[in-house]
Amino acid sequence: MTRPSLTLRREWVHGWLLLTPALVLLFAFTHLPAVTTIWDSFFSTPRGRREAKFVGLRNYETLLADDTFWQVLSNSLWYAAVTIPVSVGLALLMALWVDGRLSGRGFVRLAYFAPTVLPLIAVANIWMFFYTPGFGLIDQIRGAFGLPEVNWLGNPDLALGSVMVVAIWKEAGFFMIFYLAALQSIPPQLREAAAIEGASRWTFFRRVTFPLLMPTTLFVSVNAVINSFRMVDHVFVMTEGGPDNASSLLLFYIYETAFKYWDTAYASTLTVVLLVLLSALALGQFFLLDKRVHYR
Amino acid sequence: MSVAIETRDLRKAWGAAVAVDGISFTAPAGEFTVLLGPSGCGKSTTLRLIAGLEEATDGAVLIDGADVTRRPPNDRQISMVFQSYALFPHLNVAENILFGLKVRRVPAAERAERLARVAGLLGLERLLDRRPSQISGGQQQRVALGRAIIAEKPICLMDEPLSNLDAKLRHEMRVELKALQRKLGITMVYVTHDQVEAIAMADRIIVLNGGRIEQNADPRTLYDKPASTFVARFIGTPPMNILDLAPGDGGWCIAGDRTAIAPPHAALPDRVQLGVRPEDIALADAGGVPATVEQVEYLGADLLVDCRIAGQPLVARVATRHPVAAGERVNLIWPAEHQHLFDAATGARIEAAPGFPNPTVTSRSAGP
Ligand SMILES: Nc1ncnc2c1ncn2[C@@H]1O[C@H](COP(=O)(O)OP(=O)(O)O)[C@@H](O)[C@H]1O
Ligand SMILES: [Mg+2]
């Protein structure tokens, strides 16, 4: 064997050796469970001595007929449709506002960033205090204006909205930091060049700032999509999905099915739905936004 | 369409830091005016005050006779080229150039026509759909220029537009810029710290130092009659030699030497300095001022000879045909009309330099 091919081969082995730990972890904890989940969704739930047996698409038929599933799915979609744009938009607004102000910027930044540092469980507990009927901060303020008490978390019409507000409160501050960093990397000469051409602040934002923020927007919104399906801690603390599943989200329903009712096969089926949903959203986002994103 | 700019006692301070300290000048219509000075002397600030990007602490800016001191940049009939070019990185060349016209809602047909004209003028036709990151520094420079001239504003302000280019390209752009300014009849105010650039391009040079004007003159006057030792030391490659004078037997001599430079009767201040340009100095066989050669630098056509006259350093630029070596003793001469006298206390030029019989001139045997 000639020497060059020997070196080539050794490099090849080294390369794979370096990759192996990451590959093993990725396979063991991500790919394998995903495949197992899809596999399990075609079997019945093993109970006691009864082994799991192949049931074909029966779990999926159950799913289509499950009213709770449809409600939870619609809750999740509403939750995503509202929290994603609102938290991203709010983050952008706050970043633009903070970016223009020099004095006290550090403090303002810290103030906005605080919700991000807190664990979601803690955030949820703070909001429990805000929402408490009668004694809570919101009702006390309403009371000062002579408005009646509201059971924010107990009313099926309000529970989901109240949960969304908490998520937005937590997410917006986090996303703002990314926008702020991106804004500060835009050279001030661009604004001056535009000012000489007579561009208004709005024109400058629309034609320059916003396009230059597109990579950040893509990054932030992918994160927002994933978080909107992934973060359910506050549902546990605040409503446990109630009342009457009004504030239950897909992931929370999966948890309940798997670890409360121990129907693992049906939980697998629900998980497949979540996987498909997330993959579709992520792909769609990249293809849709990629064309309009400018990477420097 | 030419329009003049005037500043009156313009001042700009940030707290205690004074960047521009009472500057008054006129940039005549259709002329090329250069603001020249070392880094930090207030050139950019002056330009930004004219542009309206900074608010004046005091004084006034007049454009076409109208006071625009408190008006926004787009009310000042100006276009501007930034040192960093300030191109929009997400827009292609055509969109960058058209940015201002779109903001001002110029009709599409007229936009296309003006773009074609400007792109042709600057040789950008084939780059129109590239992004700034996909073209070279020189091409970016042209795009910035294109964005300025498509506006067809009578005034163009430029802040060190060539400093990011390599030497060859800088020379080419210098020629192009000057030609373009002539052709379009633009009133140009151009900032640079490079005296070669300033002298090559300017109709009028304003030398700034510490936020004040040292001299405002055409390039020739600046070179021939520098108003102060600061200007004298700033202009020329290498710059003018400045030597201390002292009263001697036959008149004023270079301190430590005994060759009379100026007659004793001349009415001069207590401390006087002599200025001589390196290129005005020649080597003589006899007479002149004796000096010791310390170092010789070969430049091809010329030699740069570092000497000392009684301890004071001096550079002479002489033709290569005079062989000189380090350590040698030489005699230096220069024409009397090319020596400059300055008041050492203020640095100001002493006009009507006193008459000579000047020994350095009469006894020379080899001319410059
Ligand atoms: N925004 C600013 N805040 C405080 N000081 C400034 C500011 N801009 C410029 N200066 C100061 O003003 C002086 C002149 O600056 P500048 O006009 O940029 O000089 P130049 O362009 O001649 O190099 C410098 O000492 C600089 O530090
Ligand atoms: Mg500058």
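Reading the values: the criteria
- Residues numbered from 1 in each chain as written.
- Chains lettered and ligands numbered in written order.
- Predicted model: local features only at pLDDT ≥ 70, side-chain atom pairs only at ≥ 80, totals over all residues.
- Heavy atoms only, no water.
- Helix = DSSP H or I, 4+ residues; strand = E, 2+ residues; numbered from the N terminus.
- Buried < 20%, exposed > 50% of the residue type's maximum accessible area, 1.4 Å probe, protein only.
- Contact = heavy atoms within 4.5 Å.
- Lys, Arg positive; Asp, Glu negative; His and termini not counted.
- Charge placed at Lys NZ, Arg CZ, Asp CG, Glu CD.
- UniProt positions renumbered as here; feature names shortened; annotations may be inferred.
- Domains from an automatic or database assignment.
- Buried area = accessible area lost by both parts, 1.4 Å probe.
- Polar contact = N/O pair within 3.5 Å; in protein donor to acceptor, adjacent residues only side chain to side chain.
- Nonpolar A, V, L, I, M, F, W, Y, C, P; charged D, E, K, R; others polar.
- Pairing = 2+ DSSP bridges.
- Axes fitted to C-alpha atoms, helices over the stretch in contact; angles between N-to-C directions.
- pLDDT = per-residue confidence, 0-100.
- Near = heavy atom within 4 Å.
- Areas by Shrake-Rupley, 256 points an atom, 1.4 Å probe, with all protein chains shown as cover.
- Expected span 1.5 Å × (residues − 1).
- Disulfide = S-S within 2.5 Å.
- Core = buried A, V, L, I, M, F, W, Y, C linked by side-chain atoms within 4.5 Å.

Draft legend 1. Up close: the overall build of chain B. In terms of helices and strands, chain B carries nine helices and 20 strands. With the principal axes as the frame, chain B shows a C-alpha extent of 80 × 45 × 35 Å. Each of the 368 residues in chain B was classed as buried or not, and the buried ones make up 53%. Taking contacts inside chain B between residues at least 6 apart in sequence as the whole, the part at least 24 apart equals 66%. In chain B, which carries 40 positive and 42 negative side-chain charges, the distance between the mean positions of the two groups comes to 6 Å.

Draft legend 2. Just the UniProt feature "domain: ABC transporter" (unreviewed entry) in chain B, in detail. Residues annotated by UniProt as "domain: ABC transporter" (unreviewed entry) correspond here to residues 5–235 of chain B. In residues 5–235 of chain B, the share of helix is 37% and the share of strand is 26%. The end C-alpha atoms are 25 Å apart.

Draft legend 3. Quick peek at the domain arrangement of chain B. Residues and elements named next belong to chain B. Split into domains, chain B comes out as domain 1 (5–231) and domain 2 (238–362). Taking the mean C-alpha position of each, domain 1 and domain 2 sit 39 Å from one another. The partner domain 2 presents eleven residues to the eight residues of domain 1 that form the contact. Contact between domain 1 and domain 2 buries roughly 710 Å² in total, counting both sides, with carbon and sulfur atoms accounting for 52%.

Draft legend 4. Quick look at the interface of chain B and chain A. Across the boundary between the two partners, chain B contributes 23 residues, which contact 18 residues of chain A. Roughly 1,800 Å² of surface becomes buried between chain B and chain A when both sides are summed, with 68% attributable to carbon and sulfur atoms. Looking only at chain B, the three residues that lose the most surface to chain A are Pro 89, His 90 and Phe 99 of chain B, adding up to 30% of its buried area. For the pair chain B and chain A, the interface holds three residue pairs in polar contact (both at pLDDT 80 or more). Those elements that provide at least two residues to the side of chain B that touches chain A are strand S6 (78–81) and helix H2 (93–103) of chain B. At four residues, the largest contribution of residues to the side of chain B that touches chain A is made by H2 of chain B. For the side of chain B that touches chain A, the residue count by class is twelve nonpolar, five polar and six charged.

Draft legend 5. Expanded view of the sheet that holds strand S1 (residues 5–14) of chain B. Residue and element names in this part refer to chain B. The strand order across the open sheet formed by four strands is S2-S1-S4-S5, and the pairing between neighbours is antiparallel. Where the open sheet ends on each side, the last strands, each with one partner, are strand S2 (17–27) and strand S5 (66–67). Seen against the sheet, helix H1 (residues 43–51) touches S1, S2 and strand S4 (58–63) and runs at an angle of roughly 65 degrees to S2.

Draft legend 6. Inspection of the confidence of the model for chain B at higher detail. Residues and elements named next belong to chain B. On average, chain B scores 88 in pLDDT, and the residues at 70 or more come to 94%. Low pLDDT, under 50, characterises residues 355–368; the predicted model gives this stretch 32 contacts beyond four residues in sequence or across chains. Scored by ipTM, the complex comes to 0.80, with pTM at 0.80.

Draft legend 7. Seen up close, the side chain of His 340 of chain B. All names here are of chain B. Here His 340 lies in strand S20 (residues 339–343). Overall, the relative accessible area of 5% leaves His 340 in the buried class. Polar contacts involving the side chain of His 340 include one to the side chain of Arg 349, which spans 3.1 Å. With sequence-adjacent residues up to four places away left out, His 340 is seen in contact with Asp 224, Pro 226, Met 240, Gln 273, Leu 274, Gly 275 and Arg 349.

Draft legend 8. Region of the structure containing the site of ligand 1. Residue and element names in this part refer to chain B. Contacts to ligand 1 come from Trp 14, Ala 19, Pro 38, Ser 39, Gly 40, Cys 41, Gly 42, Lys 43, Ser 44 and Thr 45. Measuring from an oxygen atom of ligand 1, one finds a backbone N or O atom of Cys 41 at 3.2 Å. Look at ligand 1: alone it shows 560 Å² of surface, and the protein chains cover 57% of it. Of the residues contributing to the shell around ligand 1, the split by class is four nonpolar, five polar and one charged.

Draft legend 9. Spotlight on the UniProt feature "transmembrane region" (unreviewed entry) in chain A. Residue and element names in this part refer to chain A. The feature "transmembrane region" (unreviewed entry), as given by UniProt, occupies residues 12–32, 77–98, 110–130, 158–183, 204–226 and 265–289 in the numbering adopted here. Secondary structure content for residues 77–98 is 100% helix and 0% strand, and the end C-alpha separation is 31 Å. Between the C-alpha atoms that bound residues 158–183 there is a distance of 36 Å. The span itself is 96% helix and 0% strand.

Draft legend 10. Up close: helix H10 (residues 214–230) of chain A. The first and last C-alpha atoms of H10 of chain A sit 24 Å apart over 17 residues, in line with the 24 Å expected at 1.5 Å per residue. Most of H10 of chain A is tucked away, with 13 of its 17 residues classed as buried.

Draft legend 11. How the structure looks around the sheet that holds strand S10 (residues 212–217) of chain B. All names here are of chain B. Strand order in the open sheet formed by six strands is S6-S7-S8-S3-S9-S10, with mixed pairing between adjacent strands. Of all the strands in the sheet, the pair left with one neighbour each is S6 and S10. Adjacent strand axes in the sheet meet at a mean angle of 15 degrees when their direction is disregarded. Relative to strand S8 (residues 187–192), strand S7 (residues 155–159) runs parallel, the two sharing five bridges.

Draft legend 12. Structural detail: the state of the cysteines. All chains considered together, the criterion is met by zero disulfides over all chains. Not engaged in a disulfide, the cysteine Cys 253 of chain B finds its nearest cysteine sulfur in Cys 307 of chain B; these two sulfurs lie 18 Å apart.

Draft legend 13. Region of interest: the environment of Val 35 of chain A. Here Val 35 of chain A lies in helix H1 (residues 3–40). Considering only alpha carbons, one finds Val 35 of chain A and Val 272 of chain A, 237 residues apart in sequence, at a separation of 9.7 Å.

Draft legend 14. The arrangement of H1 of chain B in detail. All names here are of chain B. Within H1, eight of the nine residues are buried, which leaves it mostly tucked inside the rest of the structure. Listed in full, the buried residues belonging to H1 are Lys 43, Thr 45, Thr 46, Leu 47, Arg 48, Leu 49, Ile 50 and Ala 51. Among the residues trailing H1, Gly 52 stands out with phi positive, at a value near 85 degrees.

Draft legend 15. Local environment of the nonpolar core. By size, the foremost hydrophobic cluster in this structure holds 74 residues, and its most contacted members are Phe 69 of chain A together with Leu 157 of chain B. With 45 residues, the next largest nonpolar core counts Leu 36, Met 158, Leu 165 and Leu 180 of chain B among its residues.

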